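Observations on the three-dimensional arrangement
Below are the chains, spelled out letter by letter.
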Amino acid sequence: MLKKERFLKILSELDKNDIVTVNDLTTLLDCSDMTIRRDLEELSESGKLIRIHGGAQKISVSPLEEASHVEKREVHIKEKQEIAKSAANEIENFDTIFIGPGTTLELIAQNIKNINSLRVVTISIPVFESFKNSDLNCELILAGGIYRSRSGTLIGALASNAVSGLKFDKAFVGVNGIQNSQIMTANTEEGRIQSVALNNSQKKYIVADRYKLNRNDFYTFYSLDDVDYLITNKSTSKETIDYYQQYVRLITN
């Protein structure tokens with residue numbers, strides 16, 4: 001079988017199954033495992049798939065139009081709750097924290113326990129409301145700016161300048177997609193402000209449910225290499241966890 005034919009077969013299998021193993025492909029294509037591994041490496045380098053231990057994973061692409069934060073609240077609720085609890089466990093008394101926009105991050109306030117004093121900075125109105133409506137003893141700061149209704153976020157120079165002058169113990173930032181070391185979102189303004197917040201934080205946390213991994217979006221705003229922790233789901237496949245551990249420490253419970 002010609003190389004081009006093998007490539008088409010491999011990509012076709014990924015379209016159907018999302019993940020393929022070297023063993024499966026050697027049987028399907030009647031090739032040596034060395035040939036399959038070379039094919040997977042070549043397809044990975046050309047951006048056609050994600051190379052994982054023992055095989056490959058399909059690259060998911062986000063739709064052209066970003067879902068609103070109201071729509072996002074209705075999907076993957078269990079996974080978001082799990083991650084919000086993990087993020088809340090990282091927060092300590094007297095921390096000054098930045099929390100970015102995102103429906104997972106809106107759930108952090110209700111999961112914070114045994115905290116006497118906290119300072120919270122955000123550009124997200126839903127995140128602001130979640131802390132305002134909680135019984136937490138916290139100083140709550142909403143950085144003003146231009147309202148972006150799709151995500152309920154304040155963006156622009158005013159918000160960016162406000163965040164750039166602040167220092168944080170911890171920053172928690174959500175994403176629309178992560179592929180290899182690239183951390184992506186749908187809006188450039190939101191991405192830039194979150195990049196500033198991460199740079200100004202002693203500890204940097206990226207929050208992403210398992211459906212955001214191996215997924216593209218419009219704007220790359222940060223690198224996993226520069227992050228301290230990636231918080232994701234314990235149900236994430238072992239292959240995916242092993243793959244992303246080469247870039248960052250993972251928290252999965």
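Residues numbered from 1 in each chain as written. Predicted model: local features only at pLDDT ≥ 70, side-chain atom pairs only at ≥ 80, totals over all residues. Heavy atoms only, no water.

Overview of the packing of aromatic side chains
Basically, it comes down to this: Paired rings are identified among Phe, Tyr and Trp, the last through its six-membered ring, by centres lying within 6.5 Å, and are further divided according to the angle between planes into stacked (under 30 degrees), edge-to-face (over 60) and tilted (the rest). The way it works is that DSSP assigns letters per residue, a run of H or I at least four long becomes a helix, a run of E at least two long becomes a strand, and they are numbered from the N terminus. Categorising residues by exposure relies on relative accessible area from a 1.4 Å probe, with only protein chains included: less than 20% of the type maximum marks a residue as buried, more than 50% marks it as exposed, and the intermediate range marks it as partly exposed.
Within this structure, the stated rule accounts for 6 aromatic pairs. For the ring pair phenylalanine 98 and phenylalanine 168, a centre distance of 5.7 Å and an interplane angle of 50° mean the geometry is tilted. Here phenylalanine 168 lies in strand β10 (residues 168-174) and phenylalanine 98 lies in strand β5 (residues 96-99), a separation of 70 residues in the sequence. Each of the two residues, phenylalanine 98 as well as phenylalanine 168, counts as buried.

Considerations on the nonpolar core
Heads up, the rule is: Only buried residues count toward a nonpolar core. Its members are Ala, Val, Leu, Ile, Met, Phe, Trp, Tyr and Cys residues joined through side-chain atoms within 4.5 Å. What makes two residues a contact is simply this: any of their non-hydrogen atoms within 4.5 Å.
Membership of the largest hydrophobic core comes to 33 residues, with the highest contact counts inside it found for Phe98, Val163, Ile178, Ile183, Ile206, Leu230 and Tyr244. Elements with a contribution of two residues or more to this core: β2 (50-52), α7 (157-164), β10, α8 (188-199), β15 (219-223) and α9 (238-244). With near-sequence residues (within four places) excluded, valine 163 lies in contact with Phe98, Ile123, Ala143, Phe168, Ile193, Val196, Ala197 and Asn200. Within the second largest apolar cluster, 24 residues are counted, among which are Ile97, Ile112, Val127 and Phe172.

Some points on unusual backbone geometry
For aspartate 30, which is not glycine, the phi torsion reads 55° and is therefore positive. Structurally, the position occupied by aspartate 30 is in the loop between α2 (22-29) and α3 (33-45). Here aspartate 30 falls in the exposed class, since its relative accessible area comes to 70%. The phi torsion at phenylalanine 94 lies on the positive side, around 70°, for a residue other than glycine.

Topic: the sheet that holds β15
Keep this limit in mind: Each pair of strands is called paired provided DSSP finds at least two bridges between the two strands. Here an angle of 0 to 180 degrees is reported between the N-to-C directions of two axes, which are lines fitted to C-alpha atoms, with helices fitted over the stretch in contact.
If you walk across this open sheet you meet the 3 strands as β11-β12-β15, and the pairing is antiparallel. Only two strands of the sheet have a single partner each, and these edge strands are β11 (177-179) and β15. Neighbour-to-neighbour, the strand axes of the sheet open up by a mean angle of 35°, direction not taken into account. In the sheet, β11 pairs with strand β12 (residues 182-185) via 3 bridges, with the strands oriented antiparallel. Paired with glycine 177 across the bridge in β12 is methionine 184. Here α8 sits on the sheet and contacts β12 and β15; the angle it forms with β15, its principal contact strand, is near 5°.

Looking at the pattern of salt bridges
One side chain can pair with another of opposite charge once the charged atoms of both are near each other. Convention followed: The rule for a salt bridge is simple: a side-chain nitrogen of Lys or Arg has to be within 4 Å of a carboxyl oxygen of Asp or Glu.
The tally for this structure, following the rule as stated, stands at 13 salt bridges. Across the salt bridge formed by aspartate 95 and lysine 170, the nearest N and O atoms sit 2.8 Å from each other. On the criterion of sequence distance, the pair formed by aspartate 95 in the loop between α5 (77-89) and β5 and lysine 170 in strand β10 is long-range, its members being 75 residues apart. The burial state of aspartate 95 is the same as that of lysine 170; both residues are buried. Between arginine 249 and aspartate 228 there is a salt bridge, with its nearest N and O atoms 3.8 Å apart.

Looking at the domain arrangement of the protein
Put simply, the test is: Each domain's extent is set by a domain assignment, obtained either automatically or from a database. A simple way to read buried area is as the amount of 1.4 Å-probe accessible surface that goes missing from two parts once joined, with both sides added. Polar contacts, as used here, are pairs of N or O atoms within 3.5 Å; protein pairs need one atom able to donate a hydrogen and one able to accept it. Residues neighboring in sequence count only if both atoms are side-chain atoms.
Annotation of the protein at the domain level lists domain 1 (1-56) and domain 2 (68-249). With centres defined by C-alpha atoms, the gap from domain 1 to domain 2 works out at 34 Å. With 5 residues of domain 1 in contact, the opposing surface of domain 2 contributes 6 residues. When domain 1 packs against domain 2, the two sides together hide about 500 Å² of surface, and 71% of this comes from carbon and sulfur. Of all residues in domain 1, the largest losses of buried area upon contact with domain 2 belong to Ile50, Ile52 and His53, amounting jointly to 74% of the total for that side. One can count 0 salt bridges joining domain 1 with domain 2. Along the contact surface separating domain 1 from domain 2 lie 0 residue pairs in polar contact (both at pLDDT 80 or more).

Some thoughts on the sheet that holds β2
Ordered by their spatial adjacency, 3 strands build an open sheet running β1-β3-β2, and the pairing between neighbours is antiparallel. The outermost strands of the open sheet, each flanked by one partner alone, are β1 (19-21) and β2. Averaged over all neighbouring strand pairs, the angle between strand axes comes to 25°, with direction disregarded. The sheet contact formed by β1 and strand β3 (residues 55-57) spans 3 bridges and is antiparallel. Bridge pairing links threonine 21 to glycine 55 in β3.

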